[in-house]
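Observations on the three-dimensional arrangement
Given next are the chains, with one letter for each unit.
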Amino acid sequence: MYSISEDKIDLFFEAAAKTQDVYIPVENSSGKSNFEKYEKGIKLSKCLKTVRSAKDFFFPKAENLVNYIKEGKSFKVEDPRKDVKDFVVFGVRACDAASFNIIDSVYLNQTPVDTYYKNRRDHGTVITLACNNPERTCFCSAYGLDPSLSSSENAGDVFAWNCDGKYFFDAKTEKGKKLLESVKDVFENSTEEKIKDLQKEITDKIAQVPFAALDLEKIKKLPMLDMFNAKAWDKVAEPCLGCGTCTYVCPTCMCFDVRDFDSGKKIEQVRCYDSCMYSDFTQMAAENPRHTQKERSRQRFMHKLKYYPMAKENVFACVGCGRCLESCPVNMNIVKVIKMLNEEF
Ligand code: SF4
Ligand code: SF4
């Protein structure tokens with residue numbers, strides 16, 4: 001394990017940035033933080049959560065998939081992919097790191113592999129940072145996640161802790177080892193003992209957040225059709241504006257649409273985030289399979305709480321990051337849905 005004093009953390013970013021792009025959480029003028037590319041002078045934010053999740057690095061909002069270049073009466077097909085540079089993302093929280101496992105299970109661990117996604121996963125090194133101060137909206141522990149990073153089951157190439165005026169780093173994968181080895185001159189060697197008290201403190205804190213004891217047992221056992229026909233969906237959908245904000249900030253939402261843009265000389269085929277909360281989501285020539293907001297809201301929560309777990313060994317497609325609790329303009333969110341279903345059944 002390595003460490004570096006908090007006031008020298010820039011030395012680590014600078015050293016890593018010599019060979020690859022480094023992204024860190026940075027606070028903007030309105031006090032919100034998001035990941036930005038490290039450059040000398042940029043200051044690391046001590047925020048817990050970035051507004052946008054780290055999924056954007058692997059599954060960007062929009063990307064050009066293929067170009068069709070007009071050549072007389074025919075078209076030449078062009079792959080617009082440039083070589084992806086290696087990059088490091090520092091400060092990914094345990095919830096966001098766990099979300100990569102969920103997206104991997106769809107885009108990476110089954111055929112056909114999404115080669116656009118794989119390319120970025122191969123080139124990205126994730127540094128997962130323990131959550132010293134979980135927020136009131138956090139409920140990752142309800143899904144068995146560990147924000148103290150005391151379990152090696154957490155996701156990420158390197159685990160990091162901010163403790164005792166220092167940052168501690170422990171590599172968990174070959175990619176992580178390679179990164180730390182390449183910049184080891186900026187570090188001191190450290191022992192694991194230092195972070196034990198912090199891990200215990202975090203475990204105590206996460207046990208006290210309001211939704212720590214959120215009961216998921218009934219949902220696990222509830223037959224799919226009973227849940228599908230629940231009365232709760234009327235109440236869930238009634239206030240929903242169908243704005244899609246919850247899906248855009250969610251680290252596990254991964255639906256996309258594919259559109260063609262004709263610039264006259266070429267047609268660019270682009271995929272971009274889509275949302276099951278939109279009225280034209282999965283619109284087909286014949287008709288739209290979900291006519292009402294009730295059907296659309298139900299789809300979003302059934303997918304996270306029942307369809308995905310049914311297909312993927314009972315793993316929920318929510319990591320308890322709390323972003324949908326913070327950003328929905330009408331205050332509807334997955335915690336309310338779970339509580340409504342628990343009440344009804
Ligand atoms: S559903 Fe909400 S709490 Fe769950 S992962 Fe998505 S944004 Fe986070
Ligand atoms: S953020 Fe809220 S209002 Fe907007 S689509 Fe999601 S649940 Fe509906």
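Going along each chain's sequence as written, the residues are numbered from 1 onward. A letter from A marks each chain and a number from 1 marks each ligand, given out in the order of writing. pLDDT decides what is reported in this predicted model: residues at 70 or higher carry local features, side-chain atom pairs at 80 or more are listed and counted, and totals for whole chains, interfaces and linings draw on all residues regardless. Heavy atoms throughout the structure, all of them, feed into the side-chain values; hydrogens and water do not.

Here the focus is the packing of helix α10 (residues 293-311) against helix α12 (residues 334-344). Where α10 meets α12, the axes come as close as 11 Å, and the angle between the chain directions of the two elements is 70°. When the interaxial angle is binned, α10 and α12 end up roughly perpendicular. In this structure, α10 uses Phe-301, Lys-304 and Leu-305 to contact α12, whose residues at the interface are Ile-334, Val-337 and Ile-338. Under this grouping Gly is polar, as are all residues other than the nonpolar Ala, Val, Leu, Ile, Met, Phe, Trp, Tyr, Cys and Pro and the charged Asp, Glu, Lys and Arg. Per-class residue counts for the contact of α10 with α12 are 5 nonpolar, no polar and 1 charged. Helix axes use the C-alpha atoms of the stretch in contact, all axes being lines fitted to C-alpha atoms, and the angles between their N-to-C directions lie in the range 0 to 180 degrees. Numbered from the N terminus, helices here are DSSP runs of H or I no shorter than four residues, and strands are runs of E no shorter than two. An angle below 35 degrees is read as roughly parallel, one above 145 as roughly antiparallel, one from 65 to 115 as roughly perpendicular, and any other as oblique. Only heavy atoms enter the contact rule, under which two residues are in contact if any of them lie within 4.5 Å.

Note that the domain bounds reflect an automated or database-derived domain assignment. Its domain assignment divides the chain into domain 1 (2-59 + 82-206) and domain 2 (217-253 + 273-344). Between the C-alpha centres of domain 1 and domain 2 there is a distance of 28 Å. The interface is formed by 24 residues belonging to domain 1 together with 24 residues belonging to domain 2. Buried area adds together the accessible area that both of two parts lose upon being put together, with accessible area traced by a 1.4 Å probe. Roughly 1900 Å² is buried in total at the junction of domain 1 and domain 2, and carbon and sulfur atoms are behind 57% of that figure. Ranking the residues of domain 1 by area buried against domain 2 places Ile-102, Phe-139 and Tyr-143 at the top, with a combined share of 33%. Between Arg-323 and Asp-96 there is a salt bridge; the shortest N-O distance is 2.8 Å. Whenever two N or O atoms come within 3.5 Å, that pair is a polar contact, provided that in protein one can donate a hydrogen and the other can accept it, and provided that, for residues adjacent in sequence, both atoms are side-chain atoms. Counting the contacts that link domain 1 with domain 2 gives 16 residue pairs in polar contact (both at pLDDT 80 or more). Counted as salt bridges are all cases of a side-chain nitrogen of Lys or Arg within 4 Å of a carboxyl oxygen of Asp or Glu.

With that settled, consider the site of ligand 2. Taken together, Cys-240, Leu-241, Gly-242, Cys-243, Gly-244, Thr-245, Cys-246, Met-277, Cys-328, Pro-329 and Val-330 form the complete shell of residues around ligand 2. Its residues placed into classes, the shell around ligand 2 shows 8 nonpolar, 3 polar and no charged. Residues are classed as near a molecule or strand on a simple rule: at least one heavy atom within 4 Å of it.

Here we come to the nonpolar core. The nonpolar side chains of soluble globular proteins are, as a tendency, buried together. Working definition of a nonpolar core: buried Ala, Val, Leu, Ile, Met, Phe, Trp, Tyr and Cys residues. They are joined through side-chain atoms within 4.5 Å. Exposure classes here rest on a 1.4 Å probe applied to the protein chains alone. A residue is buried below 20% of its type maximum, exposed above 50%, and partly exposed in between. Counting 32 residues, the largest nonpolar core has Phe-57, Phe-58 and Val-92 as the members making the most contacts within it. Ranked by residue count, the leading element in this core is helix α2 (residues 94-107), at 7 residues. For this core, the two domains that each supply at least three residues are domain 1 (2-59 + 82-206) and domain 2 (217-253 + 273-344). Those residues in contact with Val-92 that lie beyond four places of it in its chain are Phe-35, Ala-54, Ala-97, Phe-100, Val-126, Ile-127, Thr-128 and Leu-129.

By the criterion of burial, strand β8 (residues 158-163) is predominantly enclosed, with 6 of the 6 residues buried. Burial along β8 is two-sided: Val-158, Ala-160 and Asn-162 and Phe-159, Trp-161 and Cys-163, pointing in opposite directions, are all buried. Pairing between strands requires that DSSP locate at least two bridges from one strand to the other. Bridge count for strand β7 (residues 124-129) against β8 is 3 bridges, and the pairing is parallel. For Thr-128, the partnering residue across the bridge sits in β8 and is Phe-159. Where β8 folds back onto strand β9 (residues 166-171) in an antiparallel hairpin, the turn is made up of 2 residues, including Asp-164, whose phi is positive at roughly 60°.

This paragraph deals with the site of ligand 1. Every residue lining ligand 1 is accounted for by Phe-139, Cys-250, Pro-251, Arg-300, Lys-304, Cys-318, Val-319, Gly-320, Cys-321, Gly-322, Cys-324 and Ile-334. Here the shell around ligand 1 is composed, by residue class, of 8 nonpolar, 2 polar and 2 charged.

Any two of the Phe, Tyr and Trp rings considered here, Trp counted by its six-membered ring, make a pair once their centres fall within 6.5 Å; the pair's planes then place it as stacked at under 30 degrees, edge-to-face at over 60, or tilted in between. Within the structure shown, the criterion is met by 24 aromatic pairs. Aromatic side chains Phe-12 and Phe-187 sit 5.4 Å apart centroid to centroid with 35° between the ring planes, which places their arrangement in the tilted category. One end of the pair, Phe-12, is in helix α1 (residues 9-17); the other, Phe-187, is in the loop between α4 (174-182) and β10 (188-189), with 175 residues separating them in the sequence. Like Phe-187, Phe-12 is buried.

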